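Observations on the three-dimensional arrangement
Here's the letter readout for the chains.
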Amino acid sequence: MKFLHSADWHIGRTLNGYSLLDEQKHAFKKMLQIAIDQQVDAVVIAGDIYDRAIPSTNAVTTLDSMLQEINLKHSLPIYAISGNHDGAKRLNFANEWMEKSDFHLTTLLDEAFSPVKTSEVQIFMLPFFDPMDARVYYQEQGLDADQVKNIHTITDAMNLVLPDMEKLFDPNKKHVLISHFAVSPSADQEIELTSETTSKVGGLATLTAQQFEKFDYVMLGHIHTRNASPAENVRYAGSPVKFNVKEAKMANQGKGVDIVEVTSDKIERTFFEIQPKTDLVVLEETWDTLLDPTFYKTQPIDQAWFAITVKDFDRSKHINVRAKLQEIYGTVVELDYENVKRDDSPDVAQQNLSELSPDNIVDQFFKTITGNDLTQDQKELVDGIFVDLRKED
Ligand SMILES: [Mn+2]
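Residues numbered from 1 in each chain as written. Predicted model: local features only at pLDDT ≥ 70, side-chain atom pairs only at ≥ 80, totals over all residues. Heavy atoms only, no water.

Some thoughts on empty space enclosed by the protein
To find leftover empty space, a probe the size of one water molecule is rolled over the atoms. The criterion, for reference: Points on a 1 Å grid, built from protein atoms alone, make a cavity when a 1.4 Å probe fits but cannot get out and make a pocket when they are open with protein on both sides within 12 Å along at least 5 of 7 lines; residues with an atom within 4 Å of a point are the lining residues. Grid points are joined across faces, edges and corners, and a volume is the space filled by probe spheres set on the points. Only Asp, Glu, Lys and Arg are considered charged, only Ala, Val, Leu, Ile, Met, Phe, Trp, Tyr, Cys and Pro nonpolar, and every remaining residue, Gly among them, polar.
For the structure on display, the rule yields 2 cavities of 30 Å³ or more. The volume enclosed by the largest cavity comes to roughly 60 Å³. Lining the largest cavity are Trp9, Ile11, Gln24, Ala27, Phe28, Met31, Pro240 and Val241. Split by residue class, the lining of the largest cavity holds 7 nonpolar, 1 polar and no charged.

Considering the domain arrangement of the protein chain
The condition is simple: Where each domain starts and ends comes from a domain assignment, either automatic or drawn from a database. What counts as buried area is the accessible surface, traced by a 1.4 Å probe, that two parts surrender upon association, with contributions from both included. Throughout this description, the term salt bridge denotes a Lys or Arg side-chain nitrogen within 4 Å of a carboxyl oxygen of Asp or Glu.
For the protein chain, the assigned domains are domain 1 (2–273) and domain 2 (280–392). On a C-alpha basis, the centroid separation for the pair domain 1 and domain 2 is 35 Å. Both sides of the domain 1 and domain 2 interface together cover about 1100 Å² of buried area, and 63% of this is carbon and sulfur. Taken as a group, Asn16, Tyr18 and Val245 account for 46% of the area that domain 1 buries against domain 2, more than any other trio of residues on that side. At the boundary of domain 1 with domain 2, the tally comes to 1 salt bridge. A salt bridge links Lys249 to Glu284; its shortest N-O distance comes to 3.0 Å.

Here we look at the sheet that holds strand 13 (residues 234–236)
The criterion, for reference: When DSSP finds two or more bridges between a pair of strands, those strands are recorded as paired. Helix and strand assignments come from DSSP, with helices taken as H or I runs of at least 4 residues and strands as E runs of at least 2, each series counted from the N terminus. Contacts are assigned to residue pairs that have any heavy atoms within 4.5 Å of one another. Fitted lines through C-alpha atoms serve as axes, helices being fitted only where they are in contact, and the angles separating the N-to-C directions of these axes extend from 0 to 180 degrees.
Pairing in this open sheet of 5 strands is mixed, and the strands run 7-8-9-12-13 from one edge to the other. Because the sheet does not close on itself, it has two edges, and the strands there are strand 7 (116–117) and strand 13. Lying on the sheet, helix 7 (residues 154–166) is in contact with strand 8 (121–126) and strand 9 (174–180); it crosses strand 8 at an angle near 155 degrees.

Concerning the packing of helix 1 (residues 21–37) against helix 2 (residues 57–73)
Packed helices, taken two at a time, are described by their axes: the angle between them and the distance between them. Short version of the rule: For classification purposes, angles smaller than 35 degrees are called roughly parallel, those larger than 145 roughly antiparallel, those between 65 and 115 roughly perpendicular, and all remaining angles oblique.
At a minimum axis distance of 11 Å, the contact between helix 1 and helix 2 shows a crossing angle of 10 degrees. In terms of orientation, helix 1 and helix 2 fall into the roughly parallel class. Contact with helix 1, carried on its side by Leu21, Gln24, Lys25, Phe28 and Leu32, involves Asn58, Thr62, Met66, Glu69 and Ile70 of helix 2 and no other residues of that element. In terms of residue class, the contact of helix 1 with helix 2 is built from 5 nonpolar, 3 polar and 2 charged.

What to know about the side chain of Glu166
Structurally, the position occupied by Glu166 is in helix 7. Every residue in contact with Glu166, bar those within four places of it in the chain, is listed here: Gln211 and Lys214.

Some thoughts on unusual backbone geometry
Under the convention used in this document: Between buried and exposed lies partly exposed: a residue is buried under 20% and exposed over 50% of the maximum accessible area for its type, with that area taken using a 1.4 Å probe on protein chains only.
If you check the backbone angles, Gln39 has positive phi at about 50 degrees while not being a glycine. Inspection of the secondary structure assignment puts Gln39 in the loop between helix 1 and strand 4 (42–46). For Gln39, a relative accessible area of 64% gives the class exposed. We note that Asp312 has phi near 45 degrees; this positive angle belongs to a residue other than glycine. Tracing the sequence through the fold places Asp312 in the loop between strand 17 (305–311) and helix 11 (321–329).

Quick look at the nonpolar core
Rules: Put simply, buried Ala, Val, Leu, Ile, Met, Phe, Trp, Tyr and Cys residues joined by side-chain atoms within 4.5 Å make one nonpolar core.
Counting residues in hydrophobic clusters, the biggest one holds 40 residues, and the most contacted among them are Leu4, Trp9, Ile11 and Ile70. Going through the elements one at a time, helix 1, strand 4, helix 2, strand 5 (78–81), strand 6 (103–106), helix 8 (245–249), strand 14 (256–262) and strand 17 are the ones with two or more residues in this core. With 7 residues, helix 1 is the largest single contributor of residues to this core. Three or more residues apiece are contributed to this core by two domains, here domain 1 (2–273) and domain 2 (280–392). Core analysis: the next-biggest nonpolar cluster, separate from the first, contains 32 residues, Leu109, Ala157, Phe212 and Ala228 among them.

Observations concerning the pattern of salt bridges
Inspection of every chain in the model, using the stated rule, returns 10 salt bridges. The salt bridge partner of Asp164 is Lys167, with a shortest N-O separation of 2.8 Å. A salt bridge links Asp373 to Lys367, with the nearest nitrogen and oxygen atoms 3.2 Å apart. For Asp373, a relative accessible area of 46% gives the class partly exposed.

So, the coordination of the manganese ion
Convention followed: Only N, O and S atoms count as donors, using a 2.8 Å limit from the metal and a wider 3.2 Å limit for Na, K and Ca, and since water is excluded some coordination spheres may look unfilled.
Protein coordination at the manganese ion: the donors are Asp8 (OD), His10 (NE2), Asp48 (OD) and His224 (NE2), at 2.0 to 2.4 Å from the metal. Going along the chain, you hit the donors of the manganese ion in the pattern D-x1-H-x37-D-x175-H. Of the two residues, Asp8 is situated in the loop between strand 1 (2–6) and strand 2 (14–15) and Asp48 in the loop between strand 4 and helix 2; the sequence distance between them amounts to 40 residues. Considered together, Asp8 and Asp48 belong to a single accessibility category, that of buried residues.

Have a look at this one:
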């Protein structure tokens, strides 16, 4: 059986207020073409399908048409799970209908114990969940109350969940798992996360590749860098699109998807790179270099998005920095400074912070550092973050 392993689509994601939807549509087209050319039997989406639990209507319609293209137009089965960015319960909709069309969507822990069987493979789908979900599940299963109480970390939970899956193994088939967690090569080896949402990596809170060794192959989502794959058969596909500067800096390893062929006697994996339509280029240079035509003429100006760090910057000497850079480079999605020589602009700290609203503080801080006001998009982004934070309280 041949899979296309993708993950972390994050449909609806923005980069500093810039929509990535066009880039995501472009990557999707390439991905679909790879699936068709390679004649895969299934497309896997290993979590973080959407960027947020309540996606924008634009994100919903975009994803809807993507899934239709795969599953209805090209009759390719889909195996998808929810990630930590998705709203598991909200995504848990219409799956019984969808299964009739070979679209398997698993979003809740209690659905993870019904593997899909094909002629050669048993496919287990384990969506992102937290230790509390495992407590609830095992309480419902009638597990001893003390044992339930002892589920503190995701490792504790997984030490129950994985053996329960293994009990369902059909010895005549290969066992493939689709999941969405941070998994490191071993307990003492930490992985560098580019996924921004996990706070604890390393130590006790981290899952290790060893825990998954009974599976023949594990297709993971969560970490956006495929080089973070913890073992030969425990793999991250990475995100199909560069989502931020950190990921752009690791671009040498490429974004794309894996084609994984699992048969009774072998497992083969091939990586297919997806070239961006509009690349995200990171520049870290001095102001003089950035404005030097011999430098910028070597750059893909007006064809890429730029994330620029101005080194050794003397703020008092320059105004309209962003505007000047945009005039030369086109879209500057991120502007940063290193070793800033500060002028005497008013210090937010001198004001009575308690009198300012949180978004006001951000606004003033931004102005102090960059000399620019927040754009409307940026203001909305900041507002959104504070709204989300209040919800989490
Ligand atoms: Mn993700």
